[in-house]
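# Fold and contact review
Each chain, letter by letter, is given below.
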Amino acid sequence: WTVEPGANRYYGLLVLDEGTGSVTFVGETSNLKRSTSAVLTVGSGRELIVDGCVFNIATALTTGSYRVRSGWIKAAQTVSLGGSCCIHVDGGVFGGSTNSEGVPTFSTDLSIRNNASLIVSGGLAHLHSYKVYGSDEPGERGGLIRLTGGTLQNDDGFASYRTQIEGGRFENLGGTVL
């Protein structure tokens, strides 16, 4: 499915049940914001794609796939990826927030646990800090950040920059780390 939400729209309950297929959000002037009581669920096997618009995500994601081709997947100040959740950055931007004038401030702290991953093949993953943890479950591989292209920019030059914690993985296979 393809959805063009329009400018400054809010979502409250957005659920893509387990299954196959994707929903693509488009529109250069589209900005899909979270309401104060928003629930965002992307079930296993489903993919939410952002292609040319701004889409605000939840603070904790555990299933499904999120992909930004162009536009911006805007994240809260603190975001936790867990379970089997995967965020793909093929183009555009993942992370950050804006100030009252709408200027990007990019202040997202990202935590990746269990089998969750951030895969950057193009575009920009712009974060304040990130932490990649091993799995809470015995025998599971742990969190992953993989760069095959694009840029991972970390704005915290101090203690919050971490690549691996107890089995988490960071793989740079051709991207740029700033």
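Residues numbered from 1 in each chain as written. Predicted model: local features only at pLDDT ≥ 70, side-chain atom pairs only at ≥ 80, totals over all residues. Heavy atoms only, no water.

Here we take up the sheet that holds strand β6 (residues 60-61). Adjacent strands of a sheet form backbone hydrogen bonds with each other and so pair up, either parallel or antiparallel. If you trace the 4 strands from one edge of the open sheet to the other, you get β6-β8-β11-β14, paired in parallel fashion. At either margin of the open sheet sits one strand with a lone partner, and together these are β6 and β14 (129-132). Summarising the sheet, β6 and strand β8 (residues 78-81) pair through 2 bridges and their orientation is parallel. Bridging from a neighbouring strand, A60 pairs with S80 of β8. (Pairing = 2+ DSSP bridges. Helix = DSSP H or I, 4+ residues; strand = E, 2+ residues; numbered from the N terminus.)

Per the counting criterion, the structure on display carries 0 disulfides. Looking at C86, it has no disulfide partner, and the nearest cysteine sulfur is the one in C85, 7.1 Å off. Given a relative accessible area of 12%, C86 falls into the buried group. (Disulfide = S-S within 2.5 Å. Buried < 20%, exposed > 50% of the residue type's maximum accessible area, 1.4 Å probe, protein only.)

A few words now on the nonpolar core. Within the largest apolar cluster, 38 residues are counted, with the highest numbers of intra-cluster contacts made by L40, F55, I57, F94 and L118. What L118 contacts, discounting residues up to four positions off in sequence, is I87, V89, F94, L110, I112, A125, L127, L144, I145, R146 and L152. (Core = buried A, V, L, I, M, F, W, Y, C linked by side-chain atoms within 4.5 Å. Contact = heavy atoms within 4.5 Å.)

Okay, the pattern of salt bridges next. If the charged atoms of two oppositely charged side chains come close together, the side chains can form a pair. Throughout the structure, instances matching the rule amount to 4 salt bridges. Measuring nitrogen to oxygen at the nearest pair gives 2.7 Å for the salt bridge that ties R146 to E171. Pair noted here: R146 is in strand β15 (residues 144-147) and E171 is in strand β17 (residues 169-172), with a separation of 25 residues, a long-range link. Among the residues examined, E171 registers a relative accessible area of 22% and is labelled partly exposed. Where R169 meets E171, a salt bridge forms, and the shortest distance between an N and an O atom there is 4.0 Å. One continuous salt-bridge network, built from bridges that share partners, spans E47, R67 and D90. (Salt bridge = Lys/Arg side-chain N within 4 Å of Asp/Glu carboxyl O.)

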